Amino acid sequence: MTQHITAMLNAHPGGTGAEDKEKLAACIAACIAACFECAQTCTACADSCLAEEKVADLARCIRTDLDCADICAVTGAVLTRQTGDSSAIVRSMLEACRTASAACAAECEKHAQMHEHCRICAEACRRCEDACTVLLESLT
């Protein structure tokens, strides 16, 4: 994936302004992958929560999962686009994604001992949170 992103950065007519495109591509690739993995995992976790016997006890978890899934999916899509200077938007999306991932991880961690799907989701959310942090730091 990194090689493909580097090629796209190099091929983009507008350029990126980045001096080390390979390092930027690696950060972007890792973050895009983490965002989409988190979105899928959160959606699956919400679905699993809905199948649990005490679904009412998991209402907050389901809501957090779905919010996180939506934010991560949109962040992954925004990171894919390079046209124009949208650095303020990208930073805002990364901050929102990091915040949503952290909140979802914290909520799922509350249920991780009882529900394996929540443990798996919390781990994916933490990976996404970390990837967003690394990309944000590389953009500074």
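I will try to describe carefully the structure that is included in this document. Keep in mind that this is a model prediction, so the values were computed, not measured.

## Considerations on the pattern of salt bridges
- By the definition in use, this model includes nine salt bridges.
- A salt bridge links Glu-109 to Arg-126; the shortest N-O distance between them is 3.0 Å. With Glu-109 in helix 4 (residues 87-111) and Arg-126 in helix 5 (residues 116-139), the pair connects residues that are 17 residues apart, well separated along the chain.
- Residue Glu-109 is classed as partly exposed on the basis of its relative accessible area, which comes to 38%.
- Between Arg-126 and Glu-129 there is a salt bridge, with the nearest N and O atoms lying 2.9 Å from each other. Taken together, the residues Arg-126 and Glu-129, both in helix 5 and three residues apart, mark about one turn of the helix.
- Note on Arg-126: relative accessible area 29%, which makes it partly exposed.
- Assessed through its relative accessible area of 18%, Glu-129 is described here as buried.

## Quick notes on the packing of helix 3 (residues 59-80) against helix 4
- At a closest axis distance of 9 Å, the pairing of helix 3 and helix 4 adopts a crossing angle of 150°. It follows from the interaxial angle that helix 3 and helix 4 lie roughly antiparallel. Helix 4 is crossed by helix 3, and the crossing has left-handed handedness. Judged by residue contacts, Arg-60, Cys-61, Thr-64, Asp-65, Cys-68, Ile-71, Cys-72, Val-74, Thr-75, Val-78 and Leu-79 of helix 3 engage Val-90, Met-93, Leu-94, Ala-96, Cys-97, Ala-100, Ser-101, Ala-103, Cys-104, Glu-107, Cys-108 and His-111 from helix 4.
- Among the residues forming the contact of helix 3 with helix 4, the class breakdown is 16 nonpolar, four polar and three charged.

## Observations regarding the environment of Cys-35
- With respect to the helices and strands, Cys-35 occurs in helix 2 (residues 21-51).
- You can call Cys-35 buried: its relative accessible area is 0%.
- Residues Cys-35 and Ser-101, spaced 66 residues apart in sequence, show a C-alpha to C-alpha distance of 9.1 Å.
- In this structure, Cys-35 is in contact with Cys-72, Thr-75, Gly-76, Cys-97, Cys-128 and Cys-132, ignoring residues within four places of it in sequence.

## Some remarks on the environment of Ala-25
- With respect to the secondary-structure elements, Ala-25 resides in helix 2.
- A C-alpha to C-alpha distance of 10.0 Å links Ala-25 and Leu-135, two positions 110 residues apart in sequence.

Quick notes on the rules
Residues numbered from 1 in each chain as written. Predicted model: local features only at pLDDT ≥ 70, side-chain atom pairs only at ≥ 80, totals over all residues. Heavy atoms only, no water. Salt bridge = Lys/Arg side-chain N within 4 Å of Asp/Glu carboxyl O. Helix = DSSP H or I, 4+ residues; strand = E, 2+ residues; numbered from the N terminus. Buried < 20%, exposed > 50% of the residue type's maximum accessible area, 1.4 Å probe, protein only. Axes fitted to C-alpha atoms, helices over the stretch in contact; angles between N-to-C directions. Parallel < 35°, antiparallel > 145°, perpendicular 65-115°, else oblique. Left-handed = near helix turned anticlockwise from the far one by under 90°. Contact = heavy atoms within 4.5 Å. Nonpolar A, V, L, I, M, F, W, Y, C, P; charged D, E, K, R; others polar.

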